[in-house]
Amino acid sequence: KNEVEQSPQNLTAQEGEFITINCSYSVGISALHWLQQHPGGGIVSLFMLSSGKKKHGRLIATINIQEKHSSLHITASHPRDSAVYICAVRSWAAGNKLTFGGGTRVLVKP
Amino acid sequence: KAGVTQTPRYLIKTRGQQVTLSCSPISGHRSVSWYQQTPGQGLQFLFEYFSETQRNKGNFPGRFSGRQFSNSRSEMNVSTLELGDSALYLCASSGMDEKLFFGSGTQLSVL
C-alpha cells in the first residue's frame, strides 16, 4: 500500500463545476504539498499546509491531521485548470523526505 | 527574480555512459532537492541538499549521486546508465518558508 493515495485518478468536469481531489496518507507528517503539473510543463506548488485550510483564488486546500486526509477544491472550474494535481507529504517518520501520490488527471471541458 | 534553471533540457545517452545534470536555484534559496519522474513510478525523491550538505536521500542505488556548491547550485550525476534511468529529472529550490519552486526538468533518454 502506498503511503500517499490520491483519488480519483482521473476526473472530467464541465466548465464551471466544483471539483474535489482527495489525498490520504498513512504516516505522521510535518507538511503536505499540493502541486500542479500542466501537460509538457513544469510543476507549480499550489499550497503547503500542516493544518486547517488555505485559499488562493478559486483554489481551496484543507487538511485533517487526525484523519490523515487532505482535499483540494477547485471552484468554478475553467479549461485552464486542466492539469495533473499531485499531493506530496513530508514525513518526519521517513526522515522528512517528500513522498508523492500518484496524481489526479483533471480535464475541464468548455 | 529568475526561476529555477535546469540544464540541459534534453539529453540522449547510451547504456553504460554517465551523465551530469545541473540546477541553479532561485537566488537566496539554500535548499535544492532532486526528483525523478517516470510514467510508471510517478514522482520519486532522489536527494536534498542544504548549504552544501546532503540532508536526505531517497531509495535509489549508489549510481545516483549529487552535490551542492557554495553558491547553492547543484549537480546530480548518474553513472553506468541503464535503460530504466530514462526519465524526467526535476530539481526544486526552497527558502526559509519551505515552499518548493521547480525547474522545467531535464528529459533524459537512455538508448
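None of the values given here were measured: they were computed from a predicted structure.

Observations regarding the pairing of strand β3 (residues 19-25) of chain A
Residue and element names in this part refer to chain A.
- Going residue by residue along β3, you find I19, I21, C23 and Y25 tucked away on one face and T20, N22 and S24 left uncovered on the opposite face.
- As defined by bridge partners, strand β1 (residues 4-7) adjoins β3 across four bridges and the pair is classed as antiparallel. Within the sheet, the bridge partner assigned to S7 lies in β3 and is N22.
- In terms of strand pairing, β3 meets strand β8 (residues 69-74) through six bridges, oriented antiparallel. For S24, the partnering residue across the bridge sits in β8 and is H69.

Brief notes about the sheet that holds strand β1 (residues 5-7) of chain B
All names here are of chain B.
- Taken in spatial order, the four strands line up as β1-β3-β8-β7 in an open sheet, and their pairing is antiparallel. Strands with a single pairing partner mark the edges of an open sheet, and in this sheet they are β1 and β7 (64-68). Neighbour-to-neighbour, the strand axes of the sheet open up by a mean angle of 15°, direction not taken into account.
- The pairing of β1 with strand β3 (residues 19-24) spans three bridges and is antiparallel. Bridge pairing in β3 links T5 to S24.

Rules used throughout
Residues numbered from 1 in each chain as written. Chains lettered and ligands numbered in written order. Predicted model: local features only at pLDDT ≥ 70, side-chain atom pairs only at ≥ 80, totals over all residues. Heavy atoms only, no water. Buried < 20%, exposed > 50% of the residue type's maximum accessible area, 1.4 Å probe, protein only. Helix = DSSP H or I, 4+ residues; strand = E, 2+ residues; numbered from the N terminus. Pairing = 2+ DSSP bridges. Axes fitted to C-alpha atoms, helices over the stretch in contact; angles between N-to-C directions.

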